[in-house]
Amino acid sequence: MVTTTDTWLLARLGAEYVTDAATASRTMLLDLATVTWSEAACRAFGLEAAALPAVADCAGFAGETSAFGPALPVTGIAVDQQAALFAQRCLAAGDAKCTYGTGAFLLVTTGSVATRSSAGLSASVAWRLRGLATYCLDGQVYTAGSAVRWLAGLGVLGAPDSLDEASGTVPDSGGVIFVPALAGLGAPYWEPGARGVLTGLRLGTERGHVARAVAEGIAASVAVLVSAACADLGRPLASLRVDGGLTRSRLLVQAQADLLQVPVLVGGSADATALGVAALARLGAGDADSVAEALGPAEVETIVEPAITADDAAERMAAFRSALQLTLPGR
């Protein structure tokens, strides 16, 4: 039987044979317009739609489990990045969040109609509540936190959490540019054969320059995704909400605000995914009467404003895009 991992886990817990609409939308088997399994897609993959799990709302009763002692209802199911989008209260079209973990994951809510990207992003269900779907666009940078760990492994950093300490030894990157394509490029290029680029080195290049270039390269990669999302939305973002372990780096968050030229709102918790599922579970259990009540008050730890001009940001992005072209095979 072919299922998603959440379906497998729910079956092990003794709950129902279901998957949520957001997870289902990431399988290439879901008709986004109807939020049902696509017969045509299933035929293409040699699967029977009738054998796949039921597509459920993200909040609602999905069976019971006794795996933890007393019988408990399972009332919230969501795929990780969409759960973080929900937790970050990105409920209206144009709201966006980025989670910085091993990779960096940008999701932008698009509303009640699926927006088919013409700029290289993926269209997905963000969540479905009471039978009504909300959609999003998403893109990913495959190496973010993993690039910082790679840098530490080379000895450039003493430890992965010393990025800001190392970067603080120099005022800027000294012309060094890093493209974090260490595991290929995801959206909007989709080039698995791409490789990372570190350029602009000279005899005066120090560890701090390279550390800064890595942080700025991650931020620039996310800015490329934001540019693609804005092209699909037809308007710029008003702000970007961020979460994940790398948001502890003030350097990275400042670079993100600088390159996007919008405020970056750092969440009060690095565990947005878990908080999003918890809020959905509250809704599904009837413990909250509204989405706002289920989510509770917004927790914004810091608001970081741009510290450079729009012209400076455009110049930096142009240099990054030139370096990025070096990673694209045959281009």
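Residues numbered from 1 in each chain as written. Predicted model: local features only at pLDDT ≥ 70, side-chain atom pairs only at ≥ 80, totals over all residues. Heavy atoms only, no water.

## Overview of the overall build of the chain
Okay, so step 1: Summing up its helical and strand segments, the chain has 11 helices and 15 strands in all.
Okay, so step 2: Taking 20 Å as the expected radius of gyration for a compact globule of 331 residues, we find that the chain reaches 21 Å, a close match to that expectation.
Okay, so step 3: Relative to its 331 residues, the chain shows a buried fraction of 52%.
Okay, so step 4: Long-range pairs, those at least 24 residues apart, make up 71% of the contacts in the chain between residues at least 6 apart in sequence.
Okay, so step 5: Accessible surface, the chain as shown: approximately 14,700 Å² in total, 55% of it carbon and sulfur. (Helix = DSSP H or I, 4+ residues; strand = E, 2+ residues; numbered from the N terminus. Rg over C-alpha atoms; globule rule 2.2 N^0.38 Å. Buried < 20%, exposed > 50% of the residue type's maximum accessible area, 1.4 Å probe, protein only. Contact = heavy atoms within 4.5 Å. Areas by Shrake-Rupley, 256 points an atom, 1.4 Å probe, with all protein chains shown as cover.)

## Details of the pairing of strand E7 (residues 96-100)
Okay, so step 1: Extensive coverage of E7 is indicated by the burial of five of its five residues.
Okay, so step 2: Burial along E7 is two-sided: the residues Ala96, Cys98 and Tyr100 and Lys97 and Thr99 are all buried.
Okay, so step 3: Where E7 folds back on strand E8 (residues 104-111), the antiparallel hairpin that results is connected by three residues.
Okay, so step 4: The sheet contact formed by E7 and strand E13 (residues 240-243) spans three bridges and is parallel. (Pairing = 2+ DSSP bridges.)

## Focus: the side chain of threonine 327
Okay, so step 1: Within the fold, threonine 327 resides in the segment after helix H11 (310-325).
Okay, so step 2: The class for threonine 327 is buried, based on a relative accessible area of 5%.
Okay, so step 3: Polar contacts involving the side chain of threonine 327 include one to the main-chain carbonyl oxygen of leucine 324, which spans 2.7 Å.
Okay, so step 4: With sequence-adjacent residues up to four places away left out, threonine 327 is seen in contact with Val179, Leu185, Ala194, Arg195 and Val197. (Polar contact = N/O pair within 3.5 Å; in protein donor to acceptor, adjacent residues only side chain to side chain.)

## With respect to the pairing of E8
Okay, so step 1: The element E8 is extensively covered by neighbouring structure, given that seven of its eight residues are classed as buried.
Okay, so step 2: Pairing between E7 and E8: five bridges, direction antiparallel. For tyrosine 100, the partnering residue across the bridge sits in E8 and is alanine 104.
Okay, so step 3: Relative to strand E10 (residues 132-141), E8 runs antiparallel, the two sharing seven bridges. Opposite glycine 111, over in E10, you have tyrosine 135 as the bridge partner.

## Section: the layout of surface pockets
Okay, so step 1: Volume-wise, the largest pocket comes out at about 410 Å³.
Okay, so step 2: Lining the largest pocket are 24 residues, with Ser173, Val176, Ile177, Glu216 and Arg316 positioned closest to its centre.
Okay, so step 3: For the lining of the largest pocket, the secondary structure elements donating two or more residues are strand E11 (177-179), helix H7 (207-233), helix H8 (250-260) and H11. (1 Å grid on protein atoms, 1.4 Å probe; cavity = no way out; pocket = protein on both sides within 12 Å on 5 of 7 lines; lining within 4 Å. Points joined across faces, edges and corners; volume = space filled by probe spheres on them.)

## Describing helix H4 (residues 80-87)
In an α-helix, one turn spans 3.6 residues; hence positions three or four apart end up facing the same way.
Okay, so step 1: Where burial is concerned, most of H4 is hidden: seven out of the eight residues are buried.
Okay, so step 2: Those residues of H4 lying buried are Gln81, Gln82, Ala83, Ala84, Leu85, Phe86 and Ala87.
Okay, so step 3: Directly after H4, the chain includes arginine 89, whose backbone phi takes a positive value near 60 degrees.

## So, a nonpolar patch on the surface
Okay, so step 1: Judged by side-chain polarity, Trp150, Leu154 and Leu182 come together as a nonpolar surface patch covering roughly 270 Å² of accessible area.
Okay, so step 2: Relative to the helices and strands, leucine 182 is located in the loop between E11 and strand E12 (197-199). (Patch = residues over 30% accessible without salt bridge, like charges linked within 9 Å, V, L, I, M, F, W, Y side chains within 5 Å. Salt bridge = Lys/Arg side-chain N within 4 Å of Asp/Glu carboxyl O.)

## Notes on the packing of aromatic side chains
To describe a pair of aromatic rings, you give the distance between the ring centres and the angle between the ring planes.
Okay, so step 1: Within the structure shown, the criterion is met by two aromatic pairs.
Okay, so step 2: Measuring from centroid to centroid gives 5.0 Å for phenylalanine 86 and tryptophan 127, while their planes differ by 70 degrees, and the two rings are edge-to-face. In this pair, phenylalanine 86 is assigned in helix H4 and tryptophan 127 in strand E9 (residues 122-129), connecting sequence segments 41 residues apart.
Okay, so step 3: For phenylalanine 86, a relative accessible area of 1% translates into the label buried.
Okay, so step 4: An angle of 15 degrees between the planes, with centres 5.7 Å apart, marks the rings of tryptophan 150 and phenylalanine 178 as stacked. (Phe/Tyr/Trp six-rings, centres within 6.5 Å; stacked < 30°, edge-to-face > 60°.)

## Let's talk about empty space enclosed by the protein
Okay, so step 1: Within this structure, the stated rule accounts for one cavity of 30 Å³ or more.
Okay, so step 2: Taken as a whole, the largest cavity holds about 110 Å³ of empty space.
Okay, so step 3: Considering the residues around the largest cavity, the lining is formed by 15 residues, among which Gln140, Val141, Leu185, Ala187 and Ser221 are closest to the centre.
Okay, so step 4: For the lining of the largest cavity, the element with the highest residue contribution is H7, accounting for three residues.
Okay, so step 5: Partitioning the lining of the largest cavity into residue classes produces 11 nonpolar, four polar and no charged. (Nonpolar A, V, L, I, M, F, W, Y, C, P; charged D, E, K, R; others polar.)

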